[in-house]
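One-letter residues, chain by chain:
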Amino acid sequence: MPHQKITPFLWFHDRAEEAANFYVSLFDDSRITRVVPGPAGAAMLVEFQLAGVAYVAYNGGPHFTLNEAFSLSVECETQDEIDFFWDKLCDGGQPVQCGWLKDRYGLSWQIVPSILPKLMTDPDPVKSKRVVDAMLLMIKLDIAGLQRACDGG
């Protein structure tokens, strides 16, 4: 795998290793690549890959917390895939709106159908507005509902 020039660095209070293990359990081509212990022996830094992309999780204490200004977007081909990631990542977390959720570790995610950009940019502005309006009413995104909105149903 070629060197990744930019790596997301996630600050956790004290559950970086637990979070990284949870995330790698959900995505194909994912693994923990290195755990660096801190002075007390517990993980201080955890390097991991999700779907082949490198991340670093850091146990930095309570000084900073994750917030919605940074999120990870997961593109899903089917409703079953959306449901899988939504259910797993919402477990112990909090659904938000428009396909956004915050997981039990405080990391924000967007669980998005791959067809959404196409529906939102339909050449017919009436169709695209209906899609956006429908999406704004949804918590977890529903592909069939978005398609119905586009089709006028």
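One numbering rule holds for all chains: residues counted from 1, following each sequence as written. Predicted model: local features are reported for residues with pLDDT of at least 70 only, side-chain atom pairs are reported and counted for 80 or more only, and whole-chain, interface and lining totals are derived from all residues. Processing note: side-chain calculations cover all non-hydrogen atoms of the structure and skip hydrogens and water entirely.

Examining the side chain of Ser-71
Next, step 1: Position of Ser-71 among the secondary structure elements: in strand E5 (residues 71-76).
Next, step 2: For the purposes of these results, a polar contact is taken to be a pair of N or O atoms within 3.5 Å, where, inside protein, one atom must be able to donate a hydrogen and its partner to accept one; residues adjacent in sequence count only when each atom of the pair is a side-chain atom. At 2.8 Å, the side chain of Ser-71 and the side chain of Gln-110 are in polar contact.
Next, step 3: Excluding its chain neighbours within four sequence positions, the residues that come into contact with Ser-71 are Trp-100, Ser-108, Trp-109 and Gln-110. Each helix is a run of H or I in the DSSP string that is no shorter than four residues. Each strand is a run of E no shorter than two, and both are numbered from the N terminus. In this description, contact between two residues means that some pair of their heavy atoms is separated by no more than 4.5 Å.

What about the nonpolar core?
Next, step 1: In this text, buried Ala, Val, Leu, Ile, Met, Phe, Trp, Tyr and Cys residues form a nonpolar core when linked through side-chain atoms within 4.5 Å. Here's how the labels work: a residue is buried when its accessible area is under 20% of the maximum for its type, exposed when over 50%, partly exposed in between, all with a 1.4 Å probe on protein chains only. One finds Phe-12, Tyr-23, Phe-48, Leu-89, Trp-109 and Ile-111 to be the most contacted residues of the largest nonpolar core, which totals 31 residues.
Next, step 2: Every element with two or more residues in this core is listed here: strand E1 (9-12), helix H1 (16-26), strand E3 (43-50), strand E4 (53-59), E5, helix H2 (79-90) and strand E8 (108-113).
Next, step 3: Per-element tally for this core: the top contributor is H1, with seven residues.
Next, step 4: Not counting chain neighbours up to four residues away, the residues in contact with Tyr-23 comprise Phe-12, Phe-48, Leu-50, Leu-89, Asp-103, Tyr-105, Leu-107 and Trp-109.
Next, step 5: Judged by nonpolar contacts, the second largest core, of twelve residues, contains Cys-98, Leu-119, Ala-149 and Cys-150.

Observations concerning the packing of aromatic side chains
Next, step 1: Stacked, tilted and edge-to-face are the three classes applied to pairs of Phe, Tyr and Trp rings, where Trp contributes its six-membered ring and a pair requires centres within 6.5 Å; stacked means planes under 30 degrees apart, edge-to-face means over 60, and tilted covers the rest. Going through the model one piece at a time under the given rule, you end up with 13 aromatic pairs.
Next, step 2: For the ring pair Tyr-23 and Tyr-105, a centre distance of 6.0 Å and an interplane angle of 85 degrees mean the geometry is edge-to-face. Here Tyr-23 is found in helix H1, whereas its partner Tyr-105 is found in the loop between strand E7 (100-102) and E8, with 82 residues between them in sequence.
Next, step 3: Tyr-23 gets classed as buried once you look at its relative accessible area, which sits at 1%.
Next, step 4: The interplanar angle of 15 degrees and the centroid separation of 5.5 Å between the aromatic rings of Phe-48 and Tyr-55 together place this pair among those described as stacked.
Next, step 5: Three or more aromatic residues joined by ring pairs form one cluster here, namely Phe-12, Phe-22, Tyr-23, Phe-27, Phe-48, Tyr-55, Phe-84, Phe-85, Tyr-105 and Trp-109.

Remarks on the environment of Asp-124
Next, step 1: Along the chain, Asp-124 falls in the loop between helix H3 (116-120) and helix H4 (125-137).
Next, step 2: A relative accessible area of 31% means that Asp-124 is categorised as partly exposed.
Next, step 3: Separated by 62 residues in sequence, Asp-124 and Pro-62 have C-alpha atoms that sit 48 Å apart.
Next, step 4: From its side chain, Asp-124 meets the backbone nitrogen of Val-126 in a polar contact 2.9 Å long.

Looking at the sheet that holds E7
Next, step 1: Two strands form a pair only when DSSP identifies at least two bridges running between them. Here four strands make up an open sheet; going across it, the order is E5-E8-E7-E6 and the pairing mixed. Single-partner strands in this sheet number two, and they are E5 and strand E6 (94-95).
Next, step 2: With two bridges joining them, E6 and E7 adopt antiparallel strand pairing. Of the residues in E7, the one forming a bridge with Pro-95 is Leu-101.

Quick look at helix H5 (residues 143-151)
Next, step 1: Taken as a whole, H5 has its buried residues at Ile-143, Gly-145, Leu-146, Ala-149 and Cys-150. The buried residues of H5 occupy an angular sector of 165 degrees when projected down its axis, which confines them to one face.
Next, step 2: Each element contacted by the buried residues of H5 is listed here: H2, E8, H3 and H4.
Next, step 3: Just downstream of H5 lies Gly-152, where phi reads positive at about 90 degrees. Note: the arc covers the axis-to-C-beta directions of the helix.

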